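# Coordinate inspection notes
One-letter residues, chain by chain:
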Amino acid sequence: ERPRTPATAFVLFSKERWRTLPKMPLTTGAQLLSQEWNSMTDEEKGPYVQQSDSAFREYDAELAEYRRSGKEAIWKAREGRTSVRKLLSMDPERPKQPPNSYALFLAEAASNTGVPAQQHNAGVTQTWKDMGDEEKAVYQEKAQALMRAHKEEMAEYVSSGRAAMWREMVERHLPGGRPLGAFQL
């Protein structure tokens, strides 16, 4: 079973307060609860926030375990919700693809400014375009080194038999017992 997303602090508050409201249309009740929530102090919201935060920490741990176990991939395979190629790449033990030179540059730029990458990508993208080949070479060398390490990790992953085990597990759970055919890692 996939872990259920827990209720937010506002939802917990709404569930508790809804019972005390007189009978009224849903939209009117929701507006009243929203106004009441927005007028509350942080201290008044505190118990709901703590309860929600605790539930979300539990949920995050359960979700990570769910994904590590491969159950998410099995569910997606049964439901036909993802491609076979994607299913094969969902093995939690499979080495992750390393970032390319541009992604390394973006990460470094974000760490230097303290601003999340999404907020300043446009300016950083232009900086990357304006950079000369010599400046980009530093990032390209880092990316190539990471890719060489990744290829070694993938070779070990495949030779250890873990890739074949994952493939068999995915194949067993595909609807109608469809074989994966020529799809490779």
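This text follows the structure it describes.
A short tour of the structure in this document, coming up. (Residues numbered from 1 in each chain as written. Predicted model: local features only at pLDDT ≥ 70, side-chain atom pairs only at ≥ 80, totals over all residues. Heavy atoms only, no water.)

## Looking at the overall build of the protein
The cut-off we apply is this: Helix and strand definitions follow DSSP, with helices as H or I runs of at least four residues and strands as E runs of at least two, each counted in order from the N terminus. Think of it in three bands: with a 1.4 Å probe and only protein chains considered, a residue is buried below 20% of the maximum accessible area for its type, exposed above 50%, and partly exposed in between. Any pair of residues with heavy atoms lying within 4.5 Å of one another is described as a contacting pair.
Summing up its helical and strand segments, the protein has nine helices and zero strands in all. N-terminal to C-terminal, the α/β element order of the protein is α-α-α-α-α-α-α-α-α. Residues classed as buried in the protein amount to 29% of the 185 residues present. A separation threshold of at least 6 residues defines the contact pool for the protein, and within that pool the share at least 24 residues apart is 62%.

## Side note on the nonpolar core
Which entries qualify depends on this criterion: Among the buried residues, those of types Ala, Val, Leu, Ile, Met, Phe, Trp, Tyr and Cys that are joined through side-chain atoms within 4.5 Å form a nonpolar core.
Within the largest apolar cluster, ten residues are counted, these being A73, I74, L87, M90, M154, Y157, A163, W166, M169 and V170. Those elements that provide at least two residues to this core are α4 (71-79), α8 (133-159) and α9 (162-173). Listed in part, the nine residues of the second largest apolar core include F105, W128, M131 and A143.

## So, the pattern of salt bridges
The criterion, for reference: Put simply, a salt bridge is a Lys or Arg side-chain nitrogen that is within 4 Å of an Asp or Glu carboxyl oxygen.
Counting across every chain of the model gives four salt bridges. E108 is paired through a salt bridge with K142; the nearest N and O atoms lie 3.7 Å apart. Linking E108 in helix α6 (residues 101-113) with K142 in helix α8, this pair joins segments that are 34 residues apart in sequence. Its relative accessible area of 29% is what places E108 among the partly exposed residues. A relative accessible area of 40% means that K142 is categorised as partly exposed.

## Focus on helix α1 (residues 9-18)
Structural remark: α-helix, 3.6 residues per turn; residues separated by three or four positions point the same way. Looking only at α1, the buried set comprises A9, L12, F13 and S14. Close packing links the buried residues of α1 with α2 (26-39) and α3 (42-69).

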